[in-house]
Amino acid sequence: QVQLVESGGGLVQPGGSLRLSCAASGFTFSNYAMKWYRQAPGKERELVAAISSVGGSTNYADSVKGRFTISRDNDKNTVYLQMSRLKPEDTAVYYCNAWIGRSDYWGQGTQVTVSS
């Protein structure tokens, strides 16, 4: 079955960096686009970044452009989110997502807290 497992979250000071990872299994990873979403307390889940199946195309939310970079390693079945110049408003649970067939798959999420 499809599994998405995020890791790499934690507590970081404003201006710091973190790299999130999402290990995928149960499907042909290289065939599918992957996305990162986040959800802050009391807010709707929002799309942060997306990457095409072979990594040639990426898209970002305006709020993270120039600070976050999405990438993937199809040999390792893993998608990454490099986050730099973090701000308190980046605090959220970050989720990995894949749309496969007619189903939407999500990881369990990883908490990112940006605070001094």
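Residues numbered from 1 in each chain as written. Predicted model: local features only at pLDDT ≥ 70, side-chain atom pairs only at ≥ 80, totals over all residues. Heavy atoms only, no water.

## As for the environment of V2
In step 1: Here V2 shows up in the segment before β1 (3-7).
In step 2: C-alpha of V2 to C-alpha of Q82: the two residues are 80 residues apart in sequence and 24 Å apart in space.
In step 3: The residues touching V2, leaving out its near neighbours within four places in the chain, are S25, G26, F27, I100 and Y105. (Helix = DSSP H or I, 4+ residues; strand = E, 2+ residues; numbered from the N terminus. Contact = heavy atoms within 4.5 Å.)

## Observations concerning the state of the cysteines
In step 1: Scanning all chains against the criterion turns up one disulfide.
In step 2: The side chain of C22 participates in a disulfide bridge whose partner is C96; the two sulfur atoms lie 2.1 Å from each other. The chirality of the disulfide connecting C22 with C96 is left-handed, given an S-S dihedral of about -80°. Here C22 is found in strand β3 (residues 18-25), whereas its partner C96 is found in strand β9 (residues 92-100), with 74 residues between them in sequence. Assigned by exposure class, C22 and C96 land together as buried. (Disulfide = S-S within 2.5 Å. Buried < 20%, exposed > 50% of the residue type's maximum accessible area, 1.4 Å probe, protein only.)

## Side note on the nonpolar core
In step 1: Formed by 30 residues in total, the largest nonpolar core has its most connected members in F27, M34, W36, V79, L81, M83 and Y94.
In step 2: The set of elements that each furnish at least two residues to this core consists of β3, β4 (34-39), β5 (46-51), β7 (68-73), β8 (78-83), β9 and β11 (110-114).
In step 3: Here the element with the most residues in this core is β9; it accounts for five residues.
In step 4: Ignoring any residue separated from it by four or fewer positions in sequence, one finds L81 in contact with L18, R19, L20, W36, V48, A49, F68, T69, I70 and Y94. (Core = buried A, V, L, I, M, F, W, Y, C linked by side-chain atoms within 4.5 Å.)

## Considerations on unusual backbone geometry
In step 1: Not every positive phi belongs to a glycine, and N77 is a case in point at roughly 50°.
In step 2: Structurally, N77 can be placed in the loop between β7 and β8.
In step 3: We classify N77 as partly exposed; its relative accessible area is 26%.
In step 4: Backbone geometry at R85 places phi at a positive 45°, although glycine is not the residue there.
In step 5: Summarising the element assignment, R85 is placed in the loop between β8 and β9.

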